[in-house]
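# Close look at the chain arrangement
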Amino acid sequence: MTTHSHAYDETTDVELDLTQGEDSGDSLTGHDEYDHELSTEGLDLEERQALRRVVGMSTELTDISEVEYRKLLLERVLLVGVWTEGSAEDAENSLAELKLLAETAGSEVLDGVIQRRKKPDPATFIGSGKVSDLRSLVASLGADTVIADGELAPAQLRNLEDKLKVKVVDRTALILDIFAQHAKSKEGKAQVELAQLQYMKQRLRGWGGNLSRQAGGRVGAAGGGIGGRGPGETKIETDRRRINTKIAKLRRELKSLKGKRSTLRQERRRNLVPSVAIAGYTNAGKSSLLNKITGAGVLVEDALFATLDPTTRRTTASDGRVYTLTDTVGFVRHLPHDIVEAFRSTLEEVADADLLLHVVDGSHPDPMAQIQAVREVLAEINAIDVPEIIVINKADLADPMALAPILHREPHAIVVSARTGEGIDKLRELIEGGLPQPHVALDVLLPYDRGDLVSRIHSEGSVEQLEHTADGTRVTARVHPALAGDLTPYQTA
């Protein structure tokens, strides 16, 4: 994240009671009160008004040189979330994921707090009464940025910045920032820029009258007359028009790139090459799995959204059939809609696949939430009907008891470890069994000078029996109609 330091020089003596409020019920409350799941109906006053400190939010810095380095480059951020439904564990898992996102973007997380509310406050997200508490916490910690665990409306963003006197960003802006850092290809950069511009267009704001001045017509006593007439646009309208022009240009560019990607997919279909897409939560091990199965050599890093650009590799099944494996962009809960729209051409690799490997991080505290978040995105891109294999990765780090509910609920699930190789051979068998099977059965006798047809049967069809005779190679196989037409002259009686 780009550092914008906001000086906050107001001196206040801040003493926050982080355990409980004795009289007002308006303090930061401890962890133990909310260990059980609460309904959003009928909340007590203290429950509705309290910010609760989330343990373990501070970024751990161990090396001295690392500390010195981060003091120079990293933003010091404070996380804030609103717990509206589910259990305390769900709310804390969401904030823990926000912490990882913030650190991936290049921030030092100082602390994180959650407020229990029925719904976010429409003006300030956490409620006007709690903004003053948050402002005191920002001052005491020396934070220069506040990150909200949710998408803020333009008014909420403006009100929070005005009251907190530091930069405020939301979860959507944070994810867009990470995408901007990690996009490498021309298509990826264009997709990210498009999503950022769509997000920014709704959040343009002026400072005082800076963006509201305009010329045009008679502007009265304030000035104007000759030389004061112009296009009649305010500065903010000019910026919005420029953004719209840039968005239109990016859409044309992406449409051209989409055509190239579609051409490659059509070529694979023409050659009857089955495709397998790897999708799943970010940092679940998709790239590691692709490397393990195909030896692709794709970047592997323990970070969120380390790889954004899709990678396709060809590999061969045990029966000789050729198929492709495509690694796609990772998903995350509440993935911004602008990202889904911008990356739609990339995500079509999943929708057009013959088989989907849905990779889940088995070591995550809540893997079922990961599965649900990914399926929500798959539904948006019309890929929910693609045959699916749930691949629970990181078996070497996972608790077998935590994986039992997933294996019971998902009939097509397998536990593997891309690092140790556990379960990879069985996964290959499942993939081969899930590939579309050729449906034309043939028994042919091919002359020895037609080895090209034998090779095509191996790569495009499924060989059931092969025998070398004095007259040629006799093959019993199932093939696609296009290949069946070439083999018909050699059919046996």
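For clarity, every value in this text was computed on a predicted model and none was experimentally measured. All residue numbers here refer to positions counted from 1 along the written sequence of the relevant chain. Per-residue local features are limited, in this predicted model, to residues with pLDDT of at least 70; the limit for side-chain atom pairs, both in listing and counting, is 80 or more; totals at the level of whole chains, interfaces and linings are taken over all residues. The side-chain quantities take in all heavy atoms of the structure and omit both hydrogens and water.

Next up on the list: the overall build of the protein chain. Along its length, the protein chain carries 16 helices and 15 strands. Here, two residues are considered to be in contact whenever any of their heavy atoms come within 4.5 Å of each other. By sequence separation, contacts in the protein chain at least 24 residues apart represent 69% of the contacts at least 6 residues apart. Think of it this way: any DSSP run of H or I at least four residues long counts as a helix, any run of E at least two long counts as a strand, and we number them from the N terminus.

This part takes up the sheet that holds strand β10 (residues 355-361). A pair of strands is considered paired only if DSSP assigns at least 2 bridges between the two. Pairing is mixed in the open sheet, where 6 strands are placed in the order β8-β9-β7-β10-β11-β12. Two strands bound the open sheet, and with one partner strand each, they are β8 (311-316) and β12 (413-415). Strand after strand, the sheet turns through a mean of 25 degrees between neighbouring axes, direction not considered. With 5 bridges joining them, strand β7 (residues 275-280) and β10 adopt parallel strand pairing. Directly across from Ile 278, in β10, lies its bridge partner Leu 357. Fitted lines through C-alpha atoms give the axes, limited to the stretch in contact for helices. The angle between two N-to-C directions lies from 0 to 180 degrees.

Glancing now at the pairing of strand β4 (residues 107-116). For every residue, the accessible area (1.4 Å probe, protein chains only) is compared with the maximum for its type, and the residue is labelled buried under 20%, exposed over 50%, or partly exposed between those bounds. The buried fraction of β4 amounts to 10 of the 10 residues, a majority that puts the element mostly inside the structure. Direction of pairing for strand β3 (residues 75-83) relative to β4: parallel, over a ladder of 9 bridges. What sits directly across from Gly 81, in β4, is Ile 114. By the criterion used throughout, a crossover qualifies as right-handed when its path from the first strand across the helix to the second strand runs clockwise, the strands pointing away from the viewer. At this point the chain moves from β3, through helix α3 (residues 88-105), to the parallel β4, and the crossover so formed is right-handed.

It is worth spelling out the pattern of salt bridges at this point. The working definition used for a salt bridge is a side-chain nitrogen of Lys or Arg within 4 Å of a carboxyl oxygen of Asp or Glu. Evaluation of the coordinates by the stated rule reveals 18 salt bridges. With its nearest N and O atoms 3.8 Å apart, the salt bridge here joins Glu 108 to Arg 76. Here Glu 108 is found in strand β4, whereas its partner Arg 76 is found in strand β3, with 32 residues between them in sequence. Where Arg 474 meets Asp 443, a salt bridge forms, and the shortest distance between an N and an O atom there is 2.9 Å. Taken together, the residues Arg 474 in strand β15 (residues 473-479) and Asp 443 in strand β13 (residues 440-446) connect sequence positions 31 residues apart. Residue Arg 474 is classed as partly exposed on the basis of its relative accessible area of 35%.

Note on placement: Ser 417 falls in the loop between β12 and α14 (424-434). Nitrogen and oxygen atoms within 3.5 Å of one another constitute a polar contact, given that in protein one can donate a hydrogen and the other can accept it, and given that sequence-neighbouring residues count only through two side-chain atoms. Of note is the side chain of Ser 417, whose polar atom sits 2.9 Å from the side chain of Asp 396. In this structure the side chain of Ser 417 is engaged in a polar contact, spanning 3.0 Å, whose partner is the side chain of Thr 420. Look past the residues within four positions of Ser 417 in its chain and what remains in contact with it is Asn 393, Lys 394, Ala 395, Asp 396, Glu 422 and Ile 424.

Looking at the secondary structure, you find Leu 355 in strand β10. For Leu 355, a relative accessible area of 3% corresponds to the buried category. Sequence-wise, Leu 355 and Ile 431 are 76 residues apart; in three dimensions their C-alpha atoms are separated by 7.8 Å. Excluding residues within four positions of it along the chain, Leu 355 makes contact with Ser 275, Val 276, Ala 277, Val 386, Pro 387, Ile 389, Ile 431 and Gly 434.

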